[in-house]
Amino acid sequence: MLAVTRTYNTGGAEGTFGQTVPSLVAGGLNVFAESSFITGARNDDEFRSNLGIAGQSALGTIRVHYRIMDQEGIVLVEDSKRIRIASMNQWSFDSLGVGSVEGPLTVELWLDPDDLDEDPCEPIFPTGFLAYVSKVDNGTGDAEYLTAAPMMPYTACLVAR
């Protein structure tokens, strides 16, 4: 279960102002090929969203695959991004090819299997990534930060040892 809350005003015609409290994900670094998910993104007349990915690799560039789905689970776009060593990039949903879509969107991300460490629990700095969605209110410019939750958090390595 992943819980995200947001407190905000409801009375302004210009849009919402508020604060998002993201879920606490212990070991939010995805060092496995399993999926990470971000829920609650929007890209419509009221909100615009951006996808951000930060890479961690001691060896160089990694490839992170992503899939953006509508509220029915229909894939709107699927592709991948190469992330250079120790860097972070952000792309608007429009530039990724999503366009205006009604309802909440979900982003699924996973590390390319060719970039996996042989034993992701072994290295001090395992190859992995962190991802987020920045959802911006078009009326006020107020942004929400939505973090990706990996299906198998890095802390699973500590339990396995």
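All of these numbers come straight from a predicted model, not from anything done at the bench.

1. Re the overall build of the protein
- Broken down by element type, the protein carries two helices and 11 strands.
- For the protein, the α and β elements follow one another from N to C terminus as β-β-β-β-β-β-β-α-β-β-β-β-α.
- For the protein, with 161 residues in total, the buried portion stands at 45%.
- Residue pairs in contact within the protein that sit at least 24 positions apart in sequence constitute 71% of those at least 6 positions apart.

2. Some remarks on the sheet that holds strand β10 (residues 143-147)
- Read from one edge of the open sheet, four strands run β7-β4-β9-β10, paired in antiparallel fashion. Each edge of the open sheet is held by one strand with a lone partner, namely β7 (88-92) and β10. Across the sheet, the axes of successive neighbouring strands diverge by a mean angle of 20°, strand direction being ignored.

3. Focus on the packing of aromatic side chains
- A complete count under the given rule lists one aromatic pair for this structure.
- Sitting above the plane of the F47 ring, K135 keeps its charged end 5.1 Å from the centroid.

4. Some words on the pattern of salt bridges
- Summed over all chains, the structure comprises five salt bridges.
- Notably, a salt bridge pairs E46 with R42, separated by 3.4 Å at the nearest N-O pair.
- Residues R67 and E78 are paired through a salt bridge, measuring 3.1 Å at the closest nitrogen-oxygen approach. With R67 in strand β5 (residues 62-69) and E78 in strand β6 (residues 75-83), the pair connects residues that are 11 residues apart, well separated along the chain.
- The class of E78 is partly exposed, set by a relative accessible area of 45%.

5. Describing the pairing of strand β8 (residues 101-111)
- In terms of burial, β8 is a largely internal element, eight of the 11 residues being buried.
- Across six bridges, strand β3 (residues 36-43) lies against β8 in antiparallel orientation. Across the sheet, T39 pairs through a bridge with T106, a residue of β8.
- Where β5 lies against β8, six bridges are found, and the strand directions are antiparallel. Within β8, the position partnered with I68 by the bridge is V107.

6. Some points on the nonpolar core
- Core analysis: the largest hydrophobic core is formed by 24 residues, its most contacted members being I38, L51, I53, I68, F93 and L109.
- Every element with two or more residues in this core is listed here: β3, β4 (47-56), β5, β6, α1 (93-96), β8 and β9 (128-137).
- Looking at which element gives the most residues to this core, the answer is β8, with five residues.

Definitions and cut-offs
Numbers given to residues run from 1 along each chain, matching the order in which its sequence is written. Side-chain atom pairs in this predicted model are given and counted only at pLDDT of 80 or more, local residue features only at pLDDT of at least 70, and totals for whole chains, interfaces and linings cover all residues. The basis for every side-chain value is the complete set of non-hydrogen atoms in the structure, without hydrogens or water. Secondary structure elements follow DSSP: runs of H or I of four or more residues count as helices, runs of E of two or more count as strands, with numbering from the N terminus. Burial classes: relative accessible area under 20% of the type maximum marks a residue as buried, over 50% as exposed, and values in between as partly exposed (1.4 Å probe, protein chains only). Residues count as neighbours in contact if any of their non-hydrogen atoms are within 4.5 Å of one another. Any two strands between which DSSP finds at least two bridges are classified as paired. Here, axes are lines fitted to C-alpha atoms. For helices the fit covers the stretch in contact, and angles between N-to-C directions go from 0 to 180 degrees. Each Phe, Tyr or Trp ring, with Trp reduced to its six-membered ring, pairs with another whose centre is within 6.5 Å; inter-plane angles below 30 degrees give stacked pairs, above 60 give edge-to-face pairs, and intermediate values give tilted ones. We call a charge positioned over a ring when the NZ of a Lys or the CZ of an Arg lies within 6 Å of the ring centre and within 35 degrees of the ring normal. Only one rule defines a salt bridge in this text: a Lys or Arg side-chain nitrogen within 4 Å of an Asp or Glu carboxyl oxygen. The term nonpolar core refers to a set of buried residues drawn from Ala, Val, Leu, Ile, Met, Phe, Trp, Tyr and Cys, joined through side-chain atoms within 4.5 Å.

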